[in-house]
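Each chain is listed here by its residues.
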Amino acid sequence: MSETEHFTVGSAKPVFPDDGIMKLYSMRFCPYAHRVHLVLDAKKVPHHDVYINLKEKPEWFREVSSSTKVPALELAREPGNPVLIESLIICDYLEEKYPQVPLYPKDPLKKAQDKILVERFGQFISAIYKLLLHDNPAELGNTDLYAGLDIYEEELKLRGTDYFGGESPGMLDYMIWPWCERFGGLKYELGDGVDLDPARFGTLVGIGTVKKIIFGFKLVYILIQLKWRDLMMQDPAVKVFYLDGETHAKYMKTRRAGNADYNML
Amino acid sequence: QIISQLPYFAGSTKPELPGDGVARYFTMAFCPFSQRVHLLLAAKEIPHHKIYVDLIDKPEWYKEYSPLGKVPAVQFPGLKDQPTLVESLIIAEYLDEQYPEPRRLFPTDPLQKAQDKILIERFAPVVSAVYPVLTCNPNAPADALEKFEAALEVFEVELGQRGTPYFAGQTIGLVDYMIWPWFERFPSMKLNSQYELDPKRFEKLLKWRDLVAQDAAVQKTALDVQLHAEFQKSKTLGKPQYDVAFKTIA
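Note that the structure is predicted; figures quoted are calculated from it, not measured.

Turning to the overall build of chain B, a few remarks are in order. For chain B, the count of helices and strands is 10 helices and five strands. Its C-alpha atoms give chain B principal-axis dimensions of about 50 × 45 × 35 Å. When each of the 250 residues of chain B is scored for burial, the buried share is 52%. Considering only intrachain contacts with a sequence separation of at least 6, the fraction spanning at least 24 residues in chain B is 70%.

All names here are of chain B. Relative to the helices and strands, D176 is located in helix α6 (residues 174–185). Here D176 is buried and forms no salt bridge, its nearest opposite-charge partner R162 lying at an N-O distance of 7.2 Å. Among the polar contacts listed, one links the side chain of D176 to the backbone nitrogen of G173, at a separation of 3.0 Å. With near-sequence residues (within four places) excluded, D176 lies in contact with Y166, F167, A168 and W208.

Another point: the nonpolar core. Core analysis: the biggest nonpolar cluster contains 78 residues, and B:F123, B:F148, B:F186 and B:W208 have the highest contact counts within it. It is α6(B) that provides the largest number of residues to this core, a total of eight residues. Excluding its chain neighbours within four sequence positions, the residues that come into contact with B:F186 are B:F123, B:V126, B:V130, B:L134, B:F148 and B:L197. Counting residues in each nonpolar core, the second largest holds 74 residues, with A:F61, A:L75, A:Y174 and A:V238 among its members.

Further remarks concern helix α1 (residues 32–43) of chain B. Residue and element names in this part refer to chain B. Spanning 12 residues, α1 covers 16 Å between terminal C-alpha atoms, matching the ideal 16 Å at 1.5 Å per step. Taking burial as the measure, the 12 residues of α1 include 11 buried ones, the bulk of the element. Of all the positions in α1, only P32, S34, Q35, R36, V37, H38, L39, L40, L41, A42 and A43 are classed as buried. Count one or two residues on from α1 and you reach E45, which has phi positive near 55°.

This part covers helix α5 (residues 144–162) of chain B. Residues and elements named next belong to chain B. For α5, built from 19 residues, the straight-helix expectation of 27 Å at 1.5 Å per residue is met to within 8% by its first-to-last C-alpha distance of 28 Å. Taken residue by residue, α5 has A144, F148, E149, A151, L152, F155, E156, E158 and L159 as its buried positions. Elements in contact with the buried residues of α5: α3 (110–121), α4 (124–134), α6, α7 (188–193) and α8 (203–213). Once α5 ends, the next one or two residues include G163, with phi positive near 65°.

To continue, consider the pairing of strand β3 (residues 47–52) of chain A. Residues and elements named next belong to chain A. Extensive coverage of β3 is indicated by the burial of five of its six residues. Strand direction decides the pairing type here: strand β1 (residues 6–7) and β3, joined by two bridges, are parallel. Looking across to β3, one finds that H6 is bridged to Y51. Sheet topology places strand β2 (residues 22–26) next to β3; five bridges connect them, and they run parallel. When the bridges of β3 are listed, S26 appears paired with Y51. Of the crossover connections in this fold, the one passing from β2 over helix α1 (residues 31–42) to the parallel β3 is right-handed.

Moving on: the interface of chain B and chain A. Counting from both sides, the interface comprises 22 residues of chain B and, opposite them, 22 residues of chain A. Counting each side, the surface lost to burial between chain B and chain A is near 2000 Å², with a carbon and sulfur contribution of 70%. When the buried surface of chain B facing chain A is broken down by residue, B:I90, B:L111 and B:I118 rank first, second and third, together holding 26% of it. The partner of B:E97 in a salt bridge is A:K111, with the nearest N and O atoms 3.0 Å apart. Looking at the side of chain B that touches chain A, the elements with two or more residues in it are β5 (84–86), α2 (88–98) and α3 of chain B. The leading source of residues in the side of chain B that touches chain A is α3(B), at eight residues. The class makeup of the residues in the side of chain B that touches chain A is 12 nonpolar, two polar and eight charged.

For the rest of this paragraph, the subject is the pairing of strand β3 (residues 48–53) of chain B. Residues and elements named next belong to chain B. Within β3, six of the six residues are buried, which leaves it mostly tucked inside the rest of the structure. A two-sided burial pattern is seen for β3, the buried positions comprising H48, K50 and Y52 on one face and H49, I51 and V53 on the other. Handedness of the crossover is the feature at issue here: the chain leaves strand β2 (residues 23–27), passes through α1, returns alongside β3, and the resulting connection is right-handed.

On to the pattern of salt bridges. With the rule as written, the count across this model stands at 22 salt bridges over all chains. A:E78 is paired through a salt bridge with A:K97; the nearest N and O atoms lie 3.5 Å apart. With a gap of 19 residues between them, A:E78 in the loop between β4 (72–74) and β5 (83–85) and A:K97 in helix α3 (residues 87–97) connect regions that are remote in the sequence. Looking at A:K97, the relative accessible area reads 33%, which means it is partly exposed. Where B:K117 meets A:D92, a salt bridge forms, and the shortest distance between an N and an O atom there is 2.9 Å. One end of the pair, B:K117, is in helix α3; the other, A:D92, is in helix α3, on a second chain.

Residues and elements named next belong to chain A. Following the criterion strictly, the structure yields 33 aromatic pairs over all chains and no others. Between the aromatic rings of Y146 and F183, the centroid separation amounts to 5.6 Å while the plane-to-plane angle is 80°, which identifies the pairing as edge-to-face. Here Y146 is found in the loop between α4 (108–133) and α5 (150–159), whereas its partner F183 is found in helix α6 (residues 171–190), with 37 residues between them in sequence. Residue Y146 is classed as buried on the basis of its relative accessible area, which comes to 9%.

What counts, and at which threshold
Residues numbered from 1 in each chain as written. Chains lettered and ligands numbered in written order. Predicted model: local features only at pLDDT ≥ 70, side-chain atom pairs only at ≥ 80, totals over all residues. Heavy atoms only, no water. Helix = DSSP H or I, 4+ residues; strand = E, 2+ residues; numbered from the N terminus. Buried < 20%, exposed > 50% of the residue type's maximum accessible area, 1.4 Å probe, protein only. Contact = heavy atoms within 4.5 Å. Lys, Arg positive; Asp, Glu negative; His and termini not counted. Salt bridge = Lys/Arg side-chain N within 4 Å of Asp/Glu carboxyl O. Polar contact = N/O pair within 3.5 Å; in protein donor to acceptor, adjacent residues only side chain to side chain. Core = buried A, V, L, I, M, F, W, Y, C linked by side-chain atoms within 4.5 Å. Expected span 1.5 Å × (residues − 1). Pairing = 2+ DSSP bridges. Right-handed = clockwise from strand over helix to strand, strands pointing away. Buried area = accessible area lost by both parts, 1.4 Å probe. Nonpolar A, V, L, I, M, F, W, Y, C, P; charged D, E, K, R; others polar. Phe/Tyr/Trp six-rings, centres within 6.5 Å; stacked < 30°, edge-to-face > 60°.

Take a look at the structure:
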């Protein structure tokens, strides 16, 4: 059984030792589930991953998740093993339960403002889904698909820090990352023109500055002033679950064909 | 704690808002999402100016406060940069944290809080199912009320499982306030569509409703069922009549 085998109709519910470790019901390519993976890994909270075939769900999954959606987080140290649903609610819970690596600002107002930006990104997601799932991109015409991203470029510029969260990624960075990671897949399907324009999104993805230095008698080029996307790709929590653009594109193709290849990896 | 009420409608020039550092609450009198915030402002006794916004002919200046032109919005002119918050649940959570007196309305336990948030989220299908009937839409789907009742049953069951008078426990809490606005509106369906909730099927919920109706904050923010009915009906005649809110019931 592969590491990312997705349980489907007729499969038995996986049994885990009574080890007090929570179970995350997920799907390897689901961006909403991705959010929860990021927070769990950022806070280094141990968890078992249980992947679900969303097209043909195992019968036992209905009892796990009342919405039958992923992500769903089954807690192992609470009476009755309650299950939490909704990516943002799960992430907020983890933030409060595991405060050691704080992801939200301490200030309630700043936290509320970050939550508003997360919420607003949700509106941008619907626009992007059109692009990610569209069979014939030519039909999309001249719609400005990235219009919703401008405020994030502005906001990061305004904050003047590497990440929205400051010196390290915060909740806002992680909550929007899954879709930003998937943008890397677009150019495989739709050509280079679709990738985020570094001139327009200079703070998010702009090309970093290259500097020449002499290092041990050799002329070396080092890339300094990495942009947000590059920095995020180096983040340990992001790295755990990261898939490159080509892989995302490959999966999206199967999804568009109505035959999502969950066990692709 | 309403310091002043300023009705502003379409095409108006930006109002002279009071410069006293008091919070500004942008609302539409009949908006249930907006009422959520009103309930928090009342429950926490937070002084505020109320500014009504016409949602059909949105005044241009309003985008400075709420970029997508939505209500509710609350501006805090007394804070640095005079920030405005939007999104009813985000505003409610912020107010609960920032104003812990007289008491916290969300549970402090992270799990209980998450479960309450999930419950609030599960109210969304109730709202979307009943919406066409509530708003007197002649093209309401035939199974709208059936779907509504099925989604509402989740709450009847949940209240039974929790075994407390309020969803939040022995005293009223955020989860009760966040779903309340629609319960205030359901009785208008009796006037407009001759529909009311089955007292046997929703026995616990109706008991809860009567209890919550007596809450001080609920009473401060309530609009009479007749006004709700009239407003919903006005939508079918073209433009919604926002000033129905200012009518006095004889």
